[in-house]
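# Tertiary structure, described
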There are 2 protein chains.
Amino acid sequence: MIDIATRVWNHTWKIDPIVRSLLDTDFYKLLMCQSVYRNKPDVRVTFQLINRAKHIRLAELIDEGELREQLDHIRTLRLSRGESTWLRGNTFYGKRQMFSPAFMEWFENLTLPPYHLEKRDGQFQLTFEGLWPEVMLWEIPALAVIMELRSRAVLKGMGRFELQVLYARAMTRVWEKGERLRRIEGLRLADFGTRRRHGYLWQDWCVQAMIEALGDKFTGTSNCLIAKKRDLEAIGTNAHELPMVYAALADSDEELARAPYQVLEEWQEEHEGNLRVILPDTFGTKEFLQRAPDWLTQWTGIRIDSGDPIENAEAAIRWWKAHGQDPREKLLIFSDGLDVEEMAQLQARFAGRVKITFGWGTLLTNDFGGLVEGDALAPFSLVCKAVEANGRPTVKLSDNPEKAMGPKGEVERYKRVFGVGEQVGREVRV
Amino acid sequence: MIDIATRVWNHTWKIDPIVRSLLDTDFYKLLMCQSVYRNKPDVRVTFQLINRAKHIRLAELIDEGELREQLDHIRTLRLSRGESTWLRGNTFYGKRQMFSPAFMEWFENLTLPPYHLEKRDGQFQLTFEGLWPEVMLWEIPALAVIMELRSRAVLKGMGRFELQVLYARAMTRVWEKGERLRRIEGLRLADFGTRRRHGYLWQDWCVQAMIEALGDKFTGTSNCLIAKKRDLEAIGTNAHELPMVYAALADSDEELARAPYQVLEEWQEEHEGNLRVILPDTFGTKEFLQRAPDWLTQWTGIRIDSGDPIENAEAAIRWWKAHGQDPREKLLIFSDGLDVEEMAQLQARFAGRVKITFGWGTLLTNDFGGLVEGDALAPFSLVCKAVEANGRPTVKLSDNPEKAMGPKGEVERYKRVFGVGEQVGREVRV
């Protein structure tokens, strides 16, 4: 029986919206947003879409009108009562009322600020300017929209059964990854794949498949909407955006050198336990740890998001040991371009020496590599970053110079201030 | 939006019926049924389920109560008005009104006769006794029910996503077969997979996938319900059952020797063109052709359903040539245990020498081999055959002694009467 009302209702949508909820974002954006709302509510920032894969000419693939419609739709979204209730009432990392009443009231009244879009040289110049706590919430939906419009563009014109078999192949691939991961003793991983997902429904499918395939080994998802819908733990802590903006706001080299630690000092006032996770690579992991204040060694863990993961993990373990900490009580979170093989290797190397967990991103939620003609669905590296704060450019050094950002002169200054020397480049796949 | 009425309606079904229409059967059963209804309406026959794969203990896998419910449901089915209209109004092989008003009236009032079911030694003893035109219509639904109950039994207890991935893998396999077949120049094939299908919905999916994958190369399906639903040509001619029953009714060796030709003499009065297809292997292809009357060489084609297909096809070509017929005007239909490789080989060998087409059965609609633990969904050879006619046993010799049937003494007598000597056995996979 056809549900006529549903069919007619579907026809009343002008578009098929990709992002349908302000909760369709990564949990750490909300944690950081609350922190920014409390500590830096008046800072003005610019976020910008950056396609690291220049050969993928997004503006030739994706219709600008369709992109505008999707972005305009996001600007109509408001936090619903049920979504607000979920945020207010939920327990995150065992803690209730993670979000303050003041922040929740602000969030309930939020609509996302305007965007600026033009085409240049086959790419979209997409920027968001305004107050930091508002603009920062564009990052994930903007990426998700571009990624899904790209998928739709590639899939247009395929036959109905050809499409079904494409998804059959992709499902089989994801499931087989799950089967391999299930056999890894002691593994723990979460979905970190929102930003580069093939599509919303696909991410939701992958998460559900992992729930069934991995059981307790699957600890949750970074996506708040999917966490809510599938009754999972929402996972995440903080990102490069905090030290990058704090650093840009610094008025002197001395302030600059202090900025990454100041961020964490403020974070420490707000969060405890599993939320006290250091992301040390913004301006070089080795140098960050060398200069870190003693109280940081008390923190629960370190997230490793660039560079050689084994090298950085060994450095973290050495750092803890050197400060009298037992690494077996500490947590390492790996989150950079992981797939099954990398997780298996890291698990084999570090299990028993330190607690470890994985944030599995693009290669969970967007591994369509090789599945269509010309590999036109292969994952690629797209980011949306804070590029300016109060009129000053931001800088990221990373442990991989391929991921570095910022004007040349500023990059040199940061390298000097943070004592970062020669770095080894690694190909950025995803 | 959930369609509440549909959900509630579904709950009103006592079971999930496998066969839901009297058209869910092979087209040739209806053609043969009309012929039997006209020529032998009062013959009493017994059909019996025969599981050639003894190691598959069906009665231990399938619940007897569930089987009874499914069979009982089939006995409640009547031809609907729309189904009758389709049969009355359709063009089959370019001919209108293939079914006479008298036959249609009889069919519209038909319900299937009772069945007899018991368990013995891990197998079901399932028999159908009564008038030939009624009993014969049990064959396909009985097989389809057993095959699908076996699938359901094996799949019980699997997880939701595990199941989805199982079907994803099976879909990918079918699609990849389609992709290979699409590249074979001049190929023509039809679905003959009703009787051994994994399930009804699965057969329907496979047929639709082949429509998309093969385009004009896919000529139709033997399944009347799916042909009706998907607007395809219903395909089929006649089967072993006719000569087997005619032979059993013969009162002397002379009558027995004539029986296979008498069947076709009557068929010739009813059908022309593409429906004049000889199935020569019931009592040995070579011997059948040697003794065939001259008028049979005028027929359109020969179906090759056992033995070595190349050998039998060459024999058919030689036979036509020896009788002054141009094989390039003749049709060979291959229908025995085919898969992609066999079709590719036969096509390569015979294209240009003779018209050829393929009836692709079990390995289209039930290729789940290797996809579950213990290969518990591997296809196997299940048939439902006429074993008695007016109290006398039937016999089949086939070109493969592994497919022979009948009491030993009778088999010897038939071999003598039809002049069949030593035969080479071939493993019966499906």
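This one's a predicted model, so the numbers in the text were calculated from it and none came from an experiment.

Cut-offs and rules
Residues numbered from 1 in each chain as written. Chains lettered and ligands numbered in written order. Predicted model: local features only at pLDDT ≥ 70, side-chain atom pairs only at ≥ 80, totals over all residues. Heavy atoms only, no water. UniProt positions renumbered as here; feature names shortened; annotations may be inferred. Helix = DSSP H or I, 4+ residues; strand = E, 2+ residues; numbered from the N terminus. Contact = heavy atoms within 4.5 Å. Buried area = accessible area lost by both parts, 1.4 Å probe. Salt bridge = Lys/Arg side-chain N within 4 Å of Asp/Glu carboxyl O. Polar contact = N/O pair within 3.5 Å; in protein donor to acceptor, adjacent residues only side chain to side chain. Nonpolar A, V, L, I, M, F, W, Y, C, P; charged D, E, K, R; others polar. Buried < 20%, exposed > 50% of the residue type's maximum accessible area, 1.4 Å probe, protein only. Least-squares fit on C-alpha atoms with pLDDT ≥ 70 in both. Axes fitted to C-alpha atoms, helices over the stretch in contact; angles between N-to-C directions. Phe/Tyr/Trp six-rings, centres within 6.5 Å; stacked < 30°, edge-to-face > 60°. Pairing = 2+ DSSP bridges. pLDDT = per-residue confidence, 0-100.

With that settled, consider the UniProt feature "domain: Nicotinate/nicotinamide phosphoribosyltransferase" (unreviewed entry) in chain A. Per the UniProt entry, the sites bearing "domain: Nicotinate/nicotinamide phosphoribosyltransferase" (unreviewed entry) are residues 188–422 of chain A in this numbering. Annotated as residues 188–422 of chain A, this span is 40% helix and 14% strand, and its ends, taken at the C-alpha atoms, are 34 Å apart.

Here the focus is the interface of chain A and chain B. Of the residues lining the interface, 21 residues belong to chain A; the matching set on chain B comes to 21 residues. For the pair chain A and chain B, the summed buried area comes to about 2000 Å², and 61% of that belongs to carbon and sulfur atoms. The largest contributions to the chain A side of the interface with chain B come from Met1(A), Phe161(A) and Arg169(A), which together make up 30% of the buried area. Applying the counting criterion to the chain A and chain B interface returns four salt bridges. In this structure, the salt-bridge partner of Arg169(A) is Glu176(B), at a minimum N-O distance of 3.0 Å. In this structure, the connection of chain A to chain B is made through twelve residue pairs in polar contact (both at pLDDT 80 or more). For the side of chain A that touches chain B, the secondary-structure elements that each account for two or more residues are helix 9 (160–182) and helix 10 (200–214) of chain A. For the side of chain A that touches chain B, the element with the most residues is helix 9 of chain A, which contributes twelve residues. When its residues are assigned to classes, the side of chain A that touches chain B shows nine nonpolar, five polar and seven charged.

Moving on to the environment of Gln34(B). Residue and element names in this part refer to chain B. By secondary structure assignment, the location of Gln34 is in helix 2 (residues 27–39). Using a relative accessible area of 2% as the deciding quantity, one classes Gln34 as buried. When the C-alpha positions of Gln34 and Trp138 are compared, they lie 15 Å apart, and in sequence the two are 104 residues distant. Residues within four places of Gln34 in sequence aside, it is in contact with Met98, Phe99, Ser100 and Phe103. Among the polar contacts made by the side chain of Gln34, one reaches the main-chain carbonyl oxygen of Met98 at a distance of 2.9 Å.

Rotating chain A by 180° and translating it 0.0 Å along the rotation axis places it on chain B, where the RMSD comes to 0.0 Å. As the rotation angle and translation indicate, the two copies are arranged about a two-fold axis. The C-alpha atom lying nearest the rotation axis in chain A is that of Ala168(A); the distance is 2.1 Å. Both copies contact each other with a shared surface, as 100% of the interface residues of chain A are interface residues in chain B too.

Take the packing of helix 9 of chain A against helix 10 (residues 200–214) of chain B next. Helix 10 of chain B packs onto helix 9 of chain A with a crossing angle of 115° between their chain directions and a minimal axis gap of 8 Å. Contact with helix 9 of chain A, carried on its side by Arg160(A), Phe161(A), Glu162(A), Gln164(A) and Val165(A), involves Trp205(B), Gln208(B), Ala209(B) and Glu212(B) of helix 10 of chain B and no other residues of that element. Considered class by class, the residues forming the contact of helix 9 of chain A with helix 10 of chain B number four nonpolar, two polar and three charged.

Residue and element names in this part refer to chain A. Enumeration over the complete set of coordinates arrives at 64 salt bridges over all chains. For Glu64, the salt bridge identified is with Arg68, shortest N-O distance 2.9 Å. Residue Glu64 and its partner Arg68 are both found in helix 4 (residues 64–75); the two are separated by four residues, about one turn of the helix. By relative accessible area, Glu64 is classed as partly exposed at 21%. Three or more residues are tied together by salt bridges with common partners; here these are Asp26, Lys29, Glu139, Arg195 and Glu241.

The next point concerns the packing of aromatic side chains. Residues and elements named next belong to chain B. Scanning the entire structure with this criterion turns up 52 aromatic pairs over all chains. Here the aromatic rings of Tyr37 and Phe103 are separated by 5.9 Å at their centres, their planes lie at 65°, and the arrangement is edge-to-face. Pair noted here: Tyr37 is in helix 2 and Phe103 is in helix 6 (residues 101–108), with a separation of 66 residues, a long-range link. Taking the centre distance of 4.6 Å and the plane angle of 20° together, the rings of Phe128 and Trp138 count as stacked. Within this pair, whereas Phe128 is found in strand 5 (residues 123–131), its partner Trp138 is found in the loop between helix 7 (132–135) and helix 8 (139–155), the two being separated by ten residues in sequence.

Time to look at the sheet that holds strand 1 (residues 44–51) of chain B. Residues and elements named next belong to chain B. In spatial order, the strands read 4-5-1-12-13; together these five strands make up an open sheet with antiparallel pairing. Strands with a single pairing partner mark the edges of an open sheet, and in this sheet they are strand 4 (115–120) and strand 13 (392–393). Of the pairings in the sheet, the one linking strand 1 to strand 12 (residues 382–389) comprises seven bridges and is antiparallel in character. Counted as the bridge partner of Leu49 is Cys384 from strand 12. Against the sheet, helix 4 (residues 64–76) makes contact with strand 4 and strand 5, and its axis sits at roughly 165° relative to strand 4, the strand it touches most. Here helix 12 (residues 241–249) sits on the sheet and contacts strand 1, strand 12 and strand 13; the angle it forms with strand 12, its principal contact strand, is near 25°.

The predicted model of chain A averages 95 in pLDDT, with 100% of residues at 70 or higher. On the interface metric, ipTM, the complex scores 0.85, and its pTM is 0.90.

Once that is clear, we can look at unusual backbone geometry. Phi at Gln97(A) takes a positive value of approximately 50°, unusual for a residue other than glycine. By the element assignment, Gln97(A) lies in the loop between strand 3 (95–96) and helix 6 (101–108). The exposure class assigned to Gln97(A) is exposed, which follows from its relative accessible area of 55%. Even without glycine at this site, Asp375(B) takes up a positive phi of about 50°. On the secondary structure map, Asp375(B) appears in the loop between helix 17 (362–365) and strand 12. On the basis of relative accessible area, Asp375(B) is assigned to the partly exposed category, the value being 36%.

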